[in-house]
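Below, each chain spelled out in residue letters.
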Amino acid sequence: MIDVPTLVAQAREGRPRAVARLISLVEGASPQLREVMAALAPLTGRAYVVGLTGSPGVGKSTSTSALVTAYRRLGKRVGVLAVDPSSPFSGGALLGDRVRMQEHATDPEVFIRSMATRGHLGGLAWSAPQAIRVLDAAGCEVILVETVGVGQSEVEIAAQADTTIVLLAPGMGDGIQAAKAGILEIGDVYVVNKADRDGADATARELNHMLGLGEARGAGDWRPPIVKTVAAKHEGVDEVVEALEKHHAWMSEHGELAARRLRRAAQEVETIAVTALRERFADVHGDKHLAALAQKVAEGELDPYTAADDLIAAVTS
């Protein structure tokens, strides 16, 4: 058994090995996970969580690395969760975005972790919320969560981050088409990366037009800014940080930051509860009670809704 209090204390001191061990317990759904989360709870709620999402190839990893550099210049301790597709063979992270962030590998105030989606949809790993808690408790002032390359409907990052950055790039086909619908609605800051390419100004103009067609905003509402960057050259990155700080200040002033974190906590509790119920239902898949109910439904003696109520009562009793 792992000595959880000691491990948490070491993580609080910023020891990378302890932080990595805690995240491994989270990813592996350790039997001690409840003890870990209970120990971390009083230490969380201080970090600013920033999500980065966008289609494959827009430069998410390069932008994340550039943001780490910018925040380190401001003296912030930074955590990075880089979510990668899963290997179909090992189940591990397939790309390993840490390779693109080697310049920060020796910085003790930066912790970078690649996490595999393990089949979870939405651009994140299922254990991302708990991993964010670990980094928060470890004293990371800013946590950057980089999703896998996502499509129009994979917008889960908006529920996990305080501020969501949506990245686009010119020359990626129809950039706005790739970002419309769901993903165009979740951005708090929009970044047109690789702005030294032809078409960057046109992409920014079209994005601005699309945002203007969205829902009406009041005088005090947040209007997402559009920032052009060349992340590989660290150009425009300070402007992105400035936009993030303005959004953080606006959310704090208008109560939106607390509201988002409340919604995040509610979703996390609901997800854990639903997962536990699914596991209990899995245990009765071959149960005689389920077989008897199925027999009655098949023979028309019982309707499926009544049978389901009966099964729920049996599982939760």
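My aim in this report is to walk through the structure given alongside it, one point at a time. (Residues numbered from 1 in each chain as written. Predicted model: local features only at pLDDT ≥ 70, side-chain atom pairs only at ≥ 80, totals over all residues. Heavy atoms only, no water.)

### Looking at helix H1 (residues 4-12)
Right, on to step 1. What H1 keeps buried is the set Val4, Leu7, Val8 and Ala11. Within H1, the buried residues cover an arc of 100° as seen down the axis, which keeps them to one side.
Right, on to step 2. The elements touched by buried residues of H1 are helix H2 (16-27) and helix H3 (33-40).
Right, on to step 3. At the exit of H1 stands Gly14, carrying a positive phi of roughly 85°. (Buried < 20%, exposed > 50% of the residue type's maximum accessible area, 1.4 Å probe, protein only. Helix = DSSP H or I, 4+ residues; strand = E, 2+ residues; numbered from the N terminus. Arc of directions from axis to C-beta. Contact = heavy atoms within 4.5 Å.)

### Considering the side chain of Ser127
Right, on to step 1. Counting through the fold element by element, Ser127 comes out in the loop between strand E3 (110-116) and helix H5 (128-137).
Right, on to step 2. Not counting residues up to four positions away in its chain, the partners in contact with Ser127 are Val26, Glu27 and Met115.

### Regarding unusual backbone geometry
Right, on to step 1. For Ala29, which is not glycine, the phi torsion reads 50° and is therefore positive.
Right, on to step 2. With phi around 55°, Lys194 is a residue other than glycine that occupies positive phi space.
Right, on to step 3. Relative to the assigned elements, Lys194 resides in the loop between strand E6 (189-192) and helix H9 (200-212).

### Digging into the pairing of strand E4 (residues 142-146)
Right, on to step 1. Within E4, 5 of the 5 residues are buried, which leaves it mostly tucked inside the rest of the structure.
Right, on to step 2. Burial along E4 is two-sided: Val142, Leu144 and Glu146 and Ile143 and Val145, pointing in opposite directions, are all buried.
Right, on to step 3. Relative to E4, strand E1 (residues 48-54) is paired through 5 bridges, and the arrangement is parallel. In the strand pairing of E4, Val50 is matched with Leu144. (Pairing = 2+ DSSP bridges.)

### What to know about the packing of aromatic side chains
Right, on to step 1. Taken as a whole and assessed by the stated rule, the structure comprises 1 aromatic pair.
Right, on to step 2. Note on Trp222 and Trp250: the rings are 6.2 Å apart at their centroids and 45° apart in plane angle, and the pair reads as tilted. Of this pair, Trp222 sits in the loop between H9 and strand E7 (226-228) while Trp250 sits in helix H10 (residues 237-254), and the two are 28 residues apart along the sequence.
Right, on to step 3. The buried category is assigned to Trp222, whose relative accessible area is 17%.
Right, on to step 4. Here Trp250 falls in the buried class, since its relative accessible area comes to 18%. (Phe/Tyr/Trp six-rings, centres within 6.5 Å; stacked < 30°, edge-to-face > 60°.)

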